[in-house]
Amino acid sequence: MGFIALKMLLGDRAKYIGIVIGLTFASLLITQQSAIFAGIMTRTFSFLSDVGLPDIWVVDPQVKYIDDIRPMQDTMVLRVRGVEGVQWAVPLYKGSLAARRTDGTYQSCTIIGLDDETLMGGPPSMVTGNLWNLRKSGGVIVDADGAAGKLAHILPGGKRVPLQVGDEMELNDNWSVVVGICRVTQTFQTNPVIYTTYSSATSFAPSQRLLLSFVTVKAKPGQDLHALCQRIERATAMRAYTRDEFKMVTFLYYLKYTGMPINFLTAVALGFLVGVAISGQTFYNFTLDNLRYFGTLKAMGAKNGMLLRMILLQALVVGGVGYGLGVGAASAWGMLIGARTQLAFRLPWQLLVVSAMAVLVICLSSAALSIRKVMKLEPAVVFRS
Amino acid sequence: MTASNNGTPKQVEVAVRCDGLTKTFGTGNAAVKALRGVDLEVRNGELLMLVGPSGCGKTTLISVIAGVLRRDGGDCTVFAQDYNRMSEDETTSFRGVNIGFVFQAFNLIPSLTTAENVATPLIINGMKPTAAVSQASKILVEVGFDDRMVRSFPQDLSGGQQQRVAIARSLVHQPRLIVCDEPTSALDGETGHKVMELMRRLGRAENRALVVVTHDSRIFEFADRIAEMEDGRITQVVDSPSKLKAMSNQVV
Ligand SMILES: Nc1ncnc2c1ncn2[C@@H]1O[C@H](COP(=O)(O)OP(=O)(O)OP(=O)(O)O)[C@@H](O)[C@H]1O
Ligand SMILES: [Mg+2]
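Remember, it's a predicted structure, so these values are computed and weren't measured experimentally. (Residues numbered from 1 in each chain as written. Chains lettered and ligands numbered in written order. Predicted model: local features only at pLDDT ≥ 70, side-chain atom pairs only at ≥ 80, totals over all residues. Heavy atoms only, no water.)

A. Quick peek at the overall build of chain B. Of the regular secondary structure elements, chain B holds eight helices and nine strands. The C-alpha radius of gyration computed for chain B amounts to 18 Å, which stays within 12% of the reference 18 Å derived for 252 residues, consistent with globular compactness. Its C-alpha atoms give chain B principal-axis dimensions of roughly 50 × 50 × 40 Å. Within chain B, the proportion of its 252 residues that are buried is 54%. Within chain B, contacts between residues at least 6 apart in sequence are counted, and of these 70% link residues at least 24 apart. Taken as a whole, chain B presents about 10900 Å² of accessible surface, with 47% of it coming from carbon and sulfur. (Helix = DSSP H or I, 4+ residues; strand = E, 2+ residues; numbered from the N terminus. Rg over C-alpha atoms; globule rule 2.2 N^0.38 Å. Buried < 20%, exposed > 50% of the residue type's maximum accessible area, 1.4 Å probe, protein only. Contact = heavy atoms within 4.5 Å. Areas by Shrake-Rupley, 256 points an atom, 1.4 Å probe, with all protein chains shown as cover.)

The following block contains the structure:
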């Protein structure tokens, strides 16, 4: 009967294409939107991923997410070092300040100050230059996207020349020199990222009473991280998070306090509804068009179970084709656009499963209506014209 | 045609027996008594025509006989089996094995080729599509189709050709009862004549009964017996061809 079901489905070219287009559109929209959402959400904590080494981050108790900088006293580093089970603890500065471009315009940048001795928390990979060059007076390392983009020199003709090692720059009116170009994971804000030492960073920064953004901590081998966090919190009255906790806190903050999940859910719901509306409707109409033939098959001895399997097969075929095309189109779009822009796009297999489920739900709910109709069909209708 | 095989019990000659068969559609004021006590016997090997004015219950009667509609009262056995003692699925399976259908509007599936349409009853009964299609092609040769027509689609065929395909489909699985509702009324006289000729030539067999509902007096000559219906009852059954003319003048 599968043979007859497929012939029926493919025989009605217009409806078949209509259903597949609806499902393609739905799975494209659902996959693409969730991939962008996943991409954006990963970016919220990409700084935490880049600074891979520390086990624990110590922050002011008021801090709600990674970019919510609330400075602490510099002495906090020493107090953390004193906690039992801490192998090392180093300061980390994160702030933003204005870089003056050669044409005199300003560009806001994220500045990261690394512990002068260890340079802990440096960029995940260098393009040119060496991390240790940061020790040179006024030395900074700039991320490649920023160097080629927002911080590039613009020649009179409009041509952009990327910032290079040896180029000088003013950071908050302080002289600095580029000693390296690095690559960082895209952050949520697309400002250029500038690395320097903790002491340079604090000297560049507008003078404030408190400057320490984070204390990053490595636990001694075999430590229970949660117990260590509790000891640190007791000793410092600050908040200590493991890296994964801090990622989750950040992620949940964005989820809760920004409109992003709503936008995302709206787009996904839209894709879902369009899928149901177009494909579900067309599929149902397809069944109605064929009702007379389903009735004929029933009269000729096709049991309800057979007809049910026929309709399910038809639904799964359009679902499979639509899903394949939609996911394919979403991936192609992600690769194409992602290669040219700094678009956030992540398509892990879990998302593929989620959109497969969504398409399956659309197909099965469309099929359910059709199945109901065909099950209730009286075979006697075959003699009525 | 009435001679039975040696040793075959006498009642096997009777394919369908209806006694006091009733069927009412709707309830209350809107109730329509379509069948008001039908007594009828259809014999193996015969082609019985069911005639009568519009609305007298012909279609309802063959629907009950073919097992696509449940009766309300009376008795009805088909090859000594009673649909009322079968489940829905058993009834459906019974139809799949024992009954062939021919419809006024042909009811061929447009996206299937001629051969695939004819193969449908075999596929429903569990045969693999390739085997079913090749068996279907053979019977299509018998109804006068060539290779090209076997692979064509219903919409490319004339009405007469489509009804020949439908007849092939009703026969392909060798059912014991074939029911036809107005098989010629969508066709012109000459084509209808040819279709009935084919029906009789291929369909009539010693162990098979054919019931043909018709308005068309021009095809009465193909009947072995003619049952006249009026107002939900069988009023007369004639079995001699000489009476056909006289009756057709009265009824139609
Ligand atoms: N499903 C139904 N619901 C309600 N009434 C019905 C239904 N089917 C048939 N009837 C009524 O039952 C009566 C008999 O109908 P039936 O179709 O059996 O007549 P018929 O002899 O086949 O007529 P025709 O020659 O016009 O095809 C008619 O009055 C018809 O309106
Ligand atoms: Mg009728």
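That shown, we press on.
B. Looking closely at the overall build of chain A. The number of helices and strands found in chain A is twelve helices and twelve strands. Taking 21 Å as the expected radius of gyration for a compact globule of 385 residues, we find that chain A reaches 29 Å, considerably beyond that expectation. C-alpha atoms of chain A, sized along the principal axes, occupy 95 × 60 × 30 Å. Within chain A, residue pairs in contact and separated by at least 24 positions form 75% of the contacts whose partners lie at least 6 positions apart. For chain A, the separation between the mean place of its 36 positive charges and that of its 24 negative charges on side chains is 15 Å. (Lys, Arg positive; Asp, Glu negative; His and termini not counted. Charge placed at Lys NZ, Arg CZ, Asp CG, Glu CD.)

C. Up close: the sheet that holds strand β9 (residues 233-238) of chain B. All names here are of chain B. With mixed pairing, six strands are arranged side by side in an open sheet as β5-β6-β7-β3-β8-β9. With one partner strand each, in any of the chains shown, β5 (99-102) and β9 form the two edges of the open sheet. Shown here is a sheet whose adjacent strand axes are inclined to one another by a mean of 20°, direction ignored. Both strand β3 (residues 47-51) and strand β7 (residues 209-213) contribute to a ladder of four bridges, which runs parallel. Following the sheet pairing, L47 is matched in β7 by L210. (Pairing = 2+ DSSP bridges. Axes fitted to C-alpha atoms, helices over the stretch in contact; angles between N-to-C directions.)

D. Structural context of helix α7 (residues 189-203) of chain B. Residue and element names in this part refer to chain B. Its 15 residues place the ends of α7 20 Å apart at the C-alpha level, agreeing with the 21 Å of an ideal helix rising 1.5 Å per residue. Taken as a whole, α7 has its buried residues at G192, V195, M196, L198, M199, L202 and G203. An end-on view of α7 places all buried positions within 155° of arc, on one side of the element. Residues of α7 that are exposed and point more than 90 degrees away from the buried face comprise E190, K194 and R201. (Expected span 1.5 Å × (residues − 1). Arc of directions from axis to C-beta.)

E. The arrangement of the side chain of S213 of chain A in detail. All names here are of chain A. With respect to the secondary-structure elements, S213 resides in the loop between α6 (198-204) and β11 (214-219). A polar side-chain atom of S213 sits 2.8 Å from the main-chain amide nitrogen of K94. Setting aside chain neighbours within four positions, we find S213 in contact with V58, V59, I69, M72, L92, Y93 and K94. (Polar contact = N/O pair within 3.5 Å; in protein donor to acceptor, adjacent residues only side chain to side chain.)

F. Molecular detail of the packing of helix α10 (residues 291-299) of chain A against helix α12 (residues 349-376) of chain A. Residue and element names in this part refer to chain A. Two elements in contact, α10 and α12, have axes separated by 10 Å at closest approach and are oriented at 50°. The angle between α10 and α12 falls in the class oblique. Note that α10 runs across α12; the crossing there is right-handed. Contacts between α10 and α12 involve L291, F294 and K298 from the first element and K373, V374, M375 and K376 from the second. Of the residues contributing to the contact of α10 with α12, the split by class is four nonpolar, no polar and three charged. (Parallel < 35°, antiparallel > 145°, perpendicular 65-115°, else oblique. Left-handed = near helix turned anticlockwise from the far one by under 90°. Nonpolar A, V, L, I, M, F, W, Y, C, P; charged D, E, K, R; others polar.)

G. Representation of the confidence of the model for chain B within the structure. Here chain B shows a mean pLDDT of 90. Residues at 70 or above account for 90%. In the predicted assembly, ipTM is 0.91 and pTM is 0.79. (pLDDT = per-residue confidence, 0-100.)

H. Geometry of the packing of aromatic side chains. Within the structure shown, the criterion is met by 17 aromatic pairs over all chains. The interplanar angle of 5° and the centroid separation of 5.2 Å between the aromatic rings of Y241 of chain A and F246 of chain A together place this pair among those described as stacked. There is no split in this pair, since Y241 of chain A and F246 of chain A are both buried. Linked through ring pairs, F47, W57, F214, Y241 and F246 of chain A together constitute an aromatic cluster. Its end group placed over the ring of F47 of chain A, K94 of chain A keeps NZ or CZ at 4.7 Å from the ring centre. Lying over the aromatic face of F79 of chain B, R176 of chain B brings its terminal NZ or CZ to 4.1 Å of the ring centre. (Phe/Tyr/Trp six-rings, centres within 6.5 Å; stacked < 30°, edge-to-face > 60°. Lys NZ or Arg CZ within 6 Å of the ring centre and 35° of its normal.)

I. Spotlight on the packing of helix α6 (residues 159-171) of chain B against α7 of chain B. Residues and elements named next belong to chain B. The N-to-C vectors of α6 and α7 enclose an angle of 15°; their axes lie 10 Å apart at closest approach. Considered as vectors, α6 and α7 are oriented roughly parallel to each other. Relative to α7, the crossing made by α6 is right-handed. Mapping the contact onto sequence places G160, Q163, R164, I167, S170 and L171 in α6 and T191, V195, L198, M199, L202 and G203 in α7. Residues of the contact of α6 with α7, tallied by class, amount to six nonpolar, five polar and one charged.

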